Amino acid sequence: MRLIKYLIICIICVIFTSRLNAEVLKTATDAQKNEIRSNIAKVSASTNSLECNFIQKKVISVLSETFVSEGIMCFKKQTNLRWQYNKPYKYLFLLSGGKVLIKNESRTDKFDANTNKMFKEISEIMIGCVNGTMLTNETKFSSQYFVGQNGYVVKMTPKSKELKRMMNIVSLTFSKTDWAVQTIEMVEQGGDKTIINFTTKNVNKTISDDLFRIN
Amino acid sequence: MSIKRFLTICFVSTSIILFGLSCAPKISQSASDPSASAHKISCFSFPDTSNLRFRATISINNVQLSGIMISNLKRDTVTAMFINEFGINGFSFKTCGGKLKFLTVMSKLDKWYIKRVLSKDLAFMFMEARVPENGHFFMYNSTKFQYELNSSGTISKAKRIPLTCFSKDKEMNGILENSNDSITFRNLKQNITYTFTPIK
């Protein structure tokens, strides 16, 4: 009897603590949805450049692993993006003028983003996530809007088969104060997920064009 | 006369096939025979509790896939996952005793001929083979592996040589080199190079 009592207490504790940890999300009303969309559009229009650090966590269930990498992201209107990993490996993804440069420790590759369908989609998603314009891309994603304690969450489900194979759902969390993207969470079919947190944001700071140069 | 000839051809061809089939299992058995084994060898030194993390590249002719390979060893089974730098899954697999099973494969790689080559190469690189003390080669899956060990007991160099009865090509088709900095395996037949550099 004592053992059963102990087990029941344990189960109640586990349920209670997991509820405390999980952020409660409320479905946004139509008015809130319009407010979120218009504010994000305003911020996106007024953001000419953005520089921030990011921490990326990849959760792999089959290996009970959370792989953490860090880097710097720079964005400059209209479609210049520098996505650079510094820890624990060096890797650079550069998008500028419809061209893509990928550089790792051993080699550098250049592609024309428009001739490579996969790179075109990845580029659009990355820029769309950073400046929030992905919310308006209703041909590729269906969106659900939520209001959380820490921010507004938009959960996006891909419509195309290709994207569905890569990710089940993409969640963007926007700050309640500055309406900028705080977190990107990509959940895959098997339940593994990638969470990218943006920190130390510099909005409209002067960023040299050299950082986006693809020779 | 023609029936006799037909029966003779049938008998000879059946004998050849049966002889061929009987050779391959014998080779496999010699590798998995526990009485002949003294210790286990592998290309990687797996930690007991944590996962092994590598910066990984797979180069096929002039195309390169780069990412992170994370793996662990539990009992005799290695579980591993290859993800790209952005965290997108490339493929994951389990391998044990020279056999490999893919758990997930990204759509671009999900072709039988790609998986066939990858599974043979990865099964070799992530194997845990039982070998006799002071041995220099072992055999399984109709393949001969000639190896050298380094001071820590992991494989420093290995050659993969096909050993099937019907194989015309009996020359080395793969070579593995393990330096302090990285582990490289070259599939000479398909011209694929796998490089693993430990992430510290």
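One can find the structure itself at the top, above this paragraph.
Please read all numbers here as calculations on a predicted model, not as lab measurements.

Q: Whenever I open this one, the overall build of chain B confuses me. Can you help?
A: Secondary structure summary: chain B contains two helices and 13 strands in total. Taken over 200 residues, chain B has a buried fraction of 44%. The long-range fraction of contacts in chain B, counting pairs at least 24 apart against all pairs at least 6 apart in sequence, stands at 39%. Split by element, the accessible area of chain B, about 11500 Å² in all, is 57% carbon and sulfur.

Q: Is there a simple way to explain the pattern of salt bridges in this structure?
A: Between side chains of opposite charge, pairing is possible as soon as their charged atoms come close. The full count for this structure, using the stated rule, is 11 salt bridges over all chains. We note a salt bridge from R53(B) to E65(A), for which the minimum N-O separation is 2.3 Å. You can see R53(B) sitting in strand β2 (residues 52–60) and its partner E65(A) sitting in strand β3 (residues 65–76), one on each of two chains. Take E65(A): its relative accessible area is 5%, and that puts it in the buried class. Overlapping salt bridges bring together E105(A), R55(B) and E85(B) as one network.

Q: Looking at this structure, how should I read the pairing of strand β11 (residues 174–178) of chain B?
A: The side chains of a regular strand alternate, first on one face of the sheet and then on the other. Residue and element names in this part refer to chain B. The buried fraction of β11 is high, at four of five residues. Relative to β11, strand β10 (residues 155–162) runs antiparallel, the two sharing four bridges. Within β11, the position partnered with A158 by the bridge is L176. With five bridges connecting them, β11 and strand β12 (residues 183–187) associate as antiparallel partners.

Q: Even after reading the chapter, I still don't get the interface of chain A and chain B, so can you show me in this structure?
A: By convention, interface size is frequently given as the accessible area that disappears when the constituent parts associate. Each partner contributes residues to the interface: chain A has 28 residues there, and chain B has 23 residues. For the chain A face of the interface with chain B, the top three residues by lost area are L63(A), F67(A) and R107(A), together amounting to 26%. Taken together, the connections running from chain A to chain B amount to two salt bridges. In this structure, the connection of chain A to chain B is made through 13 residue pairs in polar contact (both at pLDDT 80 or more). Class assignment of the residues belonging to the side of chain A that touches chain B gives a composition of 14 nonpolar, five polar and nine charged.

Q: Can you walk me through the nonpolar core in this structure?
A: Within soluble globular proteins, side chains that are nonpolar tend to cluster in buried spots. Ranked by internal contacts, the top residues of the largest apolar core, which has 53 residues, are M73(A), L81(A), W83(A), F93(A), I184(A) and F198(A). Of the residues forming this core, the biggest block, six residues, is contributed by helix α3 (residues 117–131) of chain A. Beyond its immediate sequence surroundings of up to four residues, M73(A) is in contact with L50(A), E51(A), C52(A), F54(A), L81(A), R82(A), W83(A), V130(A) and F198(A). Counting 38 residues, the second largest nonpolar core, distinct from the first, contains F46(B), V78(B), L109(B) and F126(B).

Q: How should I be thinking about the packing of aromatic side chains in this particular structure?
A: Here a ring pair, both rings aromatic, is described through the centre-centre distance and the interplanar angle of the planes. Inspection of the entire model under this criterion finds 26 aromatic pairs over all chains. A ring pair is formed by F91(B) and F102(B), whose centres lie 6.0 Å apart and whose planes are at 90°; its orientation type is edge-to-face. With a gap of 11 residues between them, F91(B) in strand β5 (residues 89–96) and F102(B) in strand β6 (residues 99–105) connect regions that are remote in the sequence. Judged by relative accessible area, which is 1%, F91(B) ranks as buried. F102(B) sits in the buried class, given a relative accessible area of 18%. Both rings, one in F185(B) and one in Y194(B), keep their centres 6.0 Å apart while their planes meet at 35°; by these two values the pair is tilted. Three or more aromatic residues link up through ring pairs in this structure, and these residues are F54(A), F67(A), W83(A), Y85(A), Y89(A), Y91(A), F93(A), F198(A) and F86(B). Here the basic side chain of K155(A) rests over the ring of F146(A), its NZ or CZ set 5.5 Å away from the ring centre. The ring of Y152(A) is capped by K176(A), whose NZ or CZ atom sits 5.6 Å from the centre of that ring.

Q: Is there a simple way to explain the sheet that holds strand β4 (residues 80–87) of chain A in this structure?
A: Sheets are built from strands paired through backbone hydrogen bonds, the pairs being either parallel or antiparallel. Residues and elements named next belong to chain A. The strand order across the open sheet built from 12 strands is β1-β8-β9-β10-β11-β12-β2-β3-β4-β5-β6-β7, with neighbouring strands paired in antiparallel fashion. Both outer strands of the open sheet, β1 (26–27) and β7 (108–112), are each paired with one neighbouring strand and no more. Packed on one face of the sheet, helix α2 (residues 30–46) meets β1, β8 (141–147), β9 (151–158) and β10 (169–175) and runs near 105° to β8.

Q: Honestly, the state of the cysteines in this entry has me stumped. Any pointers?
A: By definition, a disulfide links the sulfur atoms of two cysteine residues through a covalent bond. Summed over the entire model, instances satisfying the criterion amount to zero disulfides over all chains. Lacking any disulfide linkage, C74(A) is separated from the closest cysteine sulfur, that of C52(A), by 8.0 Å. For C43(B), which is in no disulfide, the shortest distance to another cysteine sulfur is to C96(B) and amounts to 15 Å.

Calculation rules
Residues numbered from 1 in each chain as written. Chains lettered and ligands numbered in written order. Predicted model: local features only at pLDDT ≥ 70, side-chain atom pairs only at ≥ 80, totals over all residues. Heavy atoms only, no water. Helix = DSSP H or I, 4+ residues; strand = E, 2+ residues; numbered from the N terminus. Buried < 20%, exposed > 50% of the residue type's maximum accessible area, 1.4 Å probe, protein only. Contact = heavy atoms within 4.5 Å. Areas by Shrake-Rupley, 256 points an atom, 1.4 Å probe, with all protein chains shown as cover. Salt bridge = Lys/Arg side-chain N within 4 Å of Asp/Glu carboxyl O. Pairing = 2+ DSSP bridges. Buried area = accessible area lost by both parts, 1.4 Å probe. Polar contact = N/O pair within 3.5 Å; in protein donor to acceptor, adjacent residues only side chain to side chain. Nonpolar A, V, L, I, M, F, W, Y, C, P; charged D, E, K, R; others polar. Core = buried A, V, L, I, M, F, W, Y, C linked by side-chain atoms within 4.5 Å. Phe/Tyr/Trp six-rings, centres within 6.5 Å; stacked < 30°, edge-to-face > 60°. Lys NZ or Arg CZ within 6 Å of the ring centre and 35° of its normal. Axes fitted to C-alpha atoms, helices over the stretch in contact; angles between N-to-C directions. Disulfide = S-S within 2.5 Å.

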